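Structural overview for review
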Amino acid sequence: MGYQLAKTEADSLFCRWAEEYDVFAPKLMTGEGCYSDTDIIRYEKVSSLDEIEWSKKSDYSFKEALLSINETLFYFTEDQTVVPKGPQKDILIFLRACDLHAVKRLDEIYLRNQFEDFYYARVRERARFVLMGCEHSCPSGFCVSMGTNRAENYDAYIKVDGEMVYMDLKDSKLEASMAEAGAKTISVVPDFVTENSEKVTLPKGLSNDSFQLEIWQEYGARCIGCGRCNFVCPTCTCFTMQDVFYKDNSKMGERRRVWASC
């Protein structure tokens, strides 16, 4: 259902959500870019609407809210293993339509790929997604060509427009909190990109032989092994496994999985 709230009312509502949920959203990190005098946008926990970067896309993926970069799978001793506790609070993740399509891909890999991933599943069942609309295409985007410019599988949609905030809530738990917010019921339609400056046409009839084309050799030769692609791409799911033995007792330790490029 659609709602309209004054910015002050929405701020109060968001504060209540932040107490109940771990809220992750793109945030401008001043002076924390690749160089000392540059900024970067990445996903962090936020506690107010004003902390969220609405107009620019994140430099890094939302997926670290679902998949920890460095995750302990279990602790071990000589004769037993102990799995660490999962998240204790539900999670709200602010993302865009293209990102919601990436969530579908992650779900296919971790939940419906013959074996369900226990660690991903216990986080995923606590996650709710808040759609951030796109009034304009990002400069390098080609979501319209790929059919990822629209998404309906969101739990909430939020748009901040000056001193007014517009919401479309599908999740009953989130909607229950609107009773005290003083919201006005109206029709709210998310903003979706309808045209990109970059247009892409996928070739038809590709086979596995296309992997041997010269273009991939030239493309791969540019790689310097920095691993950035692993942090930027929301659908990259590769890990390396590490057994870490403690110095004070070499028969005890933990097994971790850490993001890694293919």
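Residues numbered from 1 in each chain as written. Predicted model: local features only at pLDDT ≥ 70, side-chain atom pairs only at ≥ 80, totals over all residues. Heavy atoms only, no water.

Attention shifts here to the state of the cysteines. Applying the stated criterion across every chain, the model contains zero disulfides. Take Cys-98: it sits in no disulfide, and the sulfur closest to it among the cysteines is that of Cys-134, at 6.3 Å. Residue classification places Cys-134 among the buried residues on the basis of a relative accessible area of 18%. (Disulfide = S-S within 2.5 Å. Buried < 20%, exposed > 50% of the residue type's maximum accessible area, 1.4 Å probe, protein only.)

On to the pairing of strand β1 (residues 2-6), then. Across five bridges, the pairing between β1 and strand β9 (residues 164-169) is antiparallel. Paired with Ala-6 across the strands is Met-164, a residue of β9. As paired elements, β1 and strand β10 (residues 184-185) share two bridges and run antiparallel to each other. Residue pairing across strands places Gln-4 opposite Lys-184, the latter belonging to β10. (Pairing = 2+ DSSP bridges. Helix = DSSP H or I, 4+ residues; strand = E, 2+ residues; numbered from the N terminus.)

So, about the sheet that holds β1. Pairing within the open sheet is mixed, and its eight strands lie in the order β3-β2-β6-β7-β8-β9-β1-β10. Both outer strands of the open sheet, β3 (40-45) and β10, are each paired with one neighbouring strand and no more. The pairing of strand β6 (residues 90-95) with strand β7 (residues 127-132) spans five bridges and is parallel. The residue of β7 that forms the bridge with Phe-94 is Val-130. With respect to the sheet, helix α1 (residues 7-20) is in contact with β1, β2 (21-29), β6, β8 (156-161) and β9, its orientation differing from that of β1 by roughly 110 degrees. (Contact = heavy atoms within 4.5 Å. Axes fitted to C-alpha atoms, helices over the stretch in contact; angles between N-to-C directions.)

Assignment of secondary structure puts Asp-155 in the loop between α4 (143-146) and β8. Along the chain, Asp-155 and Lys-104 lie 51 residues apart, while their C-alpha atoms are 14 Å from each other. Here Asp-155 is in contact with Arg-128, Phe-129, Asp-168, Leu-169, Lys-170, Asp-171 and Leu-174, once residues within four sequence places are set aside. Looking at Asp-155, its side chain comes within polar contact range of the main-chain nitrogen of Phe-129, at 2.8 Å. (Polar contact = N/O pair within 3.5 Å; in protein donor to acceptor, adjacent residues only side chain to side chain.)

Peptide bonds are, in most cases, trans, and in most cases residues other than glycine have a negative phi. The phi dihedral of Gln-114 falls on the positive side, at around 75 degrees, and the residue is not glycine. Along the chain, Gln-114 turns up in the loop between α2 (97-110) and α3 (118-124).

As summarised here, the arrangement of the four strands in space is β5-β4-β12-β11, forming an open sheet in which the pairing is antiparallel. If you trace the sheet from one side to the other, it starts and ends with β5 (81-82) and β11 (239-245), each paired once. Bridge analysis of strand β4 (residues 70-76) against strand β12 (residues 253-259) gives six bridges, and the strand direction is antiparallel. Of the residues in β12, the one forming a bridge with Thr-72 is Arg-256.

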